[in-house]
Amino acid sequence: MTYNINTKGFYGQFGGAFIPEMLHSNIERLQKNYREITGSPAFKAEFDNLMRDYVGRPSPLYFAPNLSKLYGAQIYLKREDLNHTGSHKINNTIGQILLAKHIGKTRIIAETGAGQHGVATATVCALMGIECLVYMGATDIKRQAPNVSRMKMLGAKVIPATSGSQTLKDATNEAIRDWINNPVDTHYIIGSVVGPHPYPDMVARFQSVISEEMKWQLKAQTGNENPDYILACVGGGSNAAGAIYHYIDEPSVKIALTEAAGKGIDSGHSAATSVLGSVGIIHGSKTMLMQTPDGQIVEPYSISAGLDYPGIGPMHAHLIESGRAQVYSATDTEALDAAFELSRIEGIIPALETAHGFAVLKKMTFKPDDVVVINLSGRGDKDLATYIQHDPNVQ
Ligand SMILES: *Cc1c(COP(=O)(O)O)cnc(C)c1O
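Everything numeric here is computed off the predicted structure, so don't read it as measured data. (Residues numbered from 1 in each chain as written. Predicted model: local features only at pLDDT ≥ 70, side-chain atom pairs only at ≥ 80, totals over all residues. Heavy atoms only, no water.)

Trainee: For the side chain of Gln 96, give the residues involved together with the corresponding values.
Mentor: Mapped onto the fold, Gln 96 is located in helix H4 (residues 89-102). For Gln 96, the side chain forms a polar contact with the side chain of His 187, separated by 2.9 Å. The residues touching Gln 96, leaving out its near neighbours within four places in the chain, are His 187, Tyr 188, Ile 189, Ile 190, Tyr 199, Met 202, Val 203 and Phe 206. (Helix = DSSP H or I, 4+ residues; strand = E, 2+ residues; numbered from the N terminus. Polar contact = N/O pair within 3.5 Å; in protein donor to acceptor, adjacent residues only side chain to side chain. Contact = heavy atoms within 4.5 Å.)

Trainee: Hey, could you go over the sheet that holds strand S9 (residues 229-233) for me, with residue numbers and the actual values?
Mentor: With respect to topology, six strands assemble into an open sheet ordered S3-S4-S14-S9-S10-S13, the strand pairing being mixed. The sheet terminates laterally at strand S3 (61-63) and strand S13 (325-331), the two strands that pair on one side only. On average, each strand axis in the sheet is tilted by 25 degrees relative to the strand beside it, whichever way the strands run. Here strand S10 (residues 254-262) pairs with S13 via seven bridges, running parallel. Residue pairing for S13: Gly 262 is matched across the bridge by Thr 331. Sitting on the sheet, helix H10 (residues 209-222) touches S3, strand S4 (74-79), S9 and strand S14 (371-376), and the angle it makes with S4 is about 140 degrees. The sheet strands contacting helix H14 (residues 332-346) are S3, S4, S10 and S13, and the helix crosses S13 at an angle near 90 degrees. (Pairing = 2+ DSSP bridges. Axes fitted to C-alpha atoms, helices over the stretch in contact; angles between N-to-C directions.)

Trainee: How would you sum up helix H2 (residues 41-55)? Please name residues and give values.
Mentor: Turn by turn, an α-helix covers 3.6 residues, leaving residues three or four places apart pointing in a common direction. In this model H2 runs 20 Å from its N-terminal to its C-terminal C-alpha over 15 residues, within 8% of the 21 Å that 1.5 Å per residue would give. For H2, every residue scored as buried is listed here: Phe 43, Phe 47, Leu 50, Met 51 and Val 55. Buried residues of H2, seen end-on, are gathered within an arc of 105 degrees and therefore sit on one face of the element. Exposed side of H2, more than 90 degrees from the buried face: Pro 41, Ala 42 and Asp 53 are the residues found there. (Expected span 1.5 Å × (residues − 1). Buried < 20%, exposed > 50% of the residue type's maximum accessible area, 1.4 Å probe, protein only. Arc of directions from axis to C-beta.)

Trainee: Please give an account of the packing of H4 against helix H5 (residues 116-128) that cites residues and values.
Mentor: Where H4 contacts H5, the two axes come as close as 9 Å, and the packing angle between them is 40 degrees. Judged by the inter-axis angle, H4 sits oblique to H5. Both H4 and H5 take part in a crossing whose hand is right-handed. Counted together, Lys 89, Ile 90, Asn 92, Thr 93, Ile 94, Ile 97, Leu 98 and Lys 101 of H4 and Gln 116, His 117, Ala 120, Thr 121, Thr 123, Val 124, Cys 125 and Met 128 of H5 form the full contact between these two elements. Of the residues contributing to the contact of H4 with H5, the split by class is eight nonpolar, six polar and two charged. (Parallel < 35°, antiparallel > 145°, perpendicular 65-115°, else oblique. Left-handed = near helix turned anticlockwise from the far one by under 90°. Nonpolar A, V, L, I, M, F, W, Y, C, P; charged D, E, K, R; others polar.)

Trainee: So what's going on with the site of the ligand? Residues and values would help.
Mentor: Around the ligand, a shell composed of 18 residues is seen, among which Lys 89, Ser 192, Gly 235, Gly 237 and Ser 238 lie nearest. A distance of 2.5 Å separates an oxygen atom of the ligand from a polar atom in the side chain of Ser 192. At 2.8 Å from a nitrogen atom of the ligand is found a side-chain nitrogen or oxygen belonging to Ser 377. Burial of the ligand by the surrounding chains reaches 97%, relative to a free accessible area of 380 Å². Among the secondary structure elements, those contributing two or more residues to the shell around the ligand are helix H11 (238-244) and helix H15 (352-359). Across the shell around the ligand, the residue classes break down as four nonpolar, 12 polar and two charged. (Near = heavy atom within 4 Å. Areas by Shrake-Rupley, 256 points an atom, 1.4 Å probe, with all protein chains shown as cover.)

Trainee: Can you break down the pairing of strand S11 (residues 278-282) residue by residue, with the values?
Mentor: Inspection of the sheet shows S11 paired to strand S12 (residues 285-289) by five bridges, in the antiparallel sense. When the sheet's bridge partners are listed, Ser 278 is paired in S12 with Leu 289. Count of turn residues in the S11/S12 antiparallel hairpin: two residues, of which His 283 carries a positive phi of about 45 degrees.

Right, dumping it as structure tokens:
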């Protein structure tokens, strides 16, 4: 069993590149060149420098004593929340902006849900002096206002997507439409391990710095580079992909992925894609997605804008189908509870997306010496309005 892509960009039956004619030359060029460009010593040196001095890597691996006591295991947090701009997203945007520069693109577009990818993209475009447009669902513009202000301050243009549920899926549709109209000068920085090949593999490689660091950090702190469990939330799946990348072929490391159940899996207001979904094509990739029997996409729902997506990356669809990864889900309420718990006992306010990954601690059983790593994908500043609204002690 291989968990990696084949030469056509498929993970098992999932993946590939199902794209309109107008995008063929762009995508084909990326497919042919991304490994060579990103693997060159000059690219790597520039990437590593920015990771260290601009992003602040390595991100710490923190032993969480209070959480460990509460759940009866040795729990470590991989602190992606401490990165510049507040989440793991910057690892990928730095990689892709360097790639865009290398292939001579002068205009950058991106989609964003929670705004973390939009902020990370606007940030690297400011750094490189490149024009930046970010598509964002009108619903998300309202619920993630601090990030909208940040993008604007960084010089990006934020364009509201007003179709469908006005969330991440709709922003992605608009970004793809823009790219079809501007194929020559524009690079589309996709924010997760979704979209046509080579995006899922390319984004996973940029994010793989997370598990690369985890290996030596765990070795230094526990004497063993392999944990027993890795936990992460999944929207498209990029933070999870980065956290498990160097452990996929290590069967002793169990993988627990958490999707957003919204108001409950059977409530009709959910984003639990791998439970509610079936095989289909979304945004250029064959994967699991939420759809009606005649192939119309079902509008997803989650309190967290970053998980409010009806699909899942093809890598994760394959890991789940093959049994390599266990999939869990957490409701809005369970995620909120987990966010308040982490804030009060460890002094860390997580992003709402991240809180879903913590909520499953209550649904799992551990042995006292199990080493559990949770990928703390982002910080909660952007979600403060939602937290205040739901916390009786804050009101
Ligand atoms: C965007 C985001 C996610 C979800 O995206 P993935 O690609 O699944 O990682 C999770 N956590 C945070 C903090 C995010 O910003």
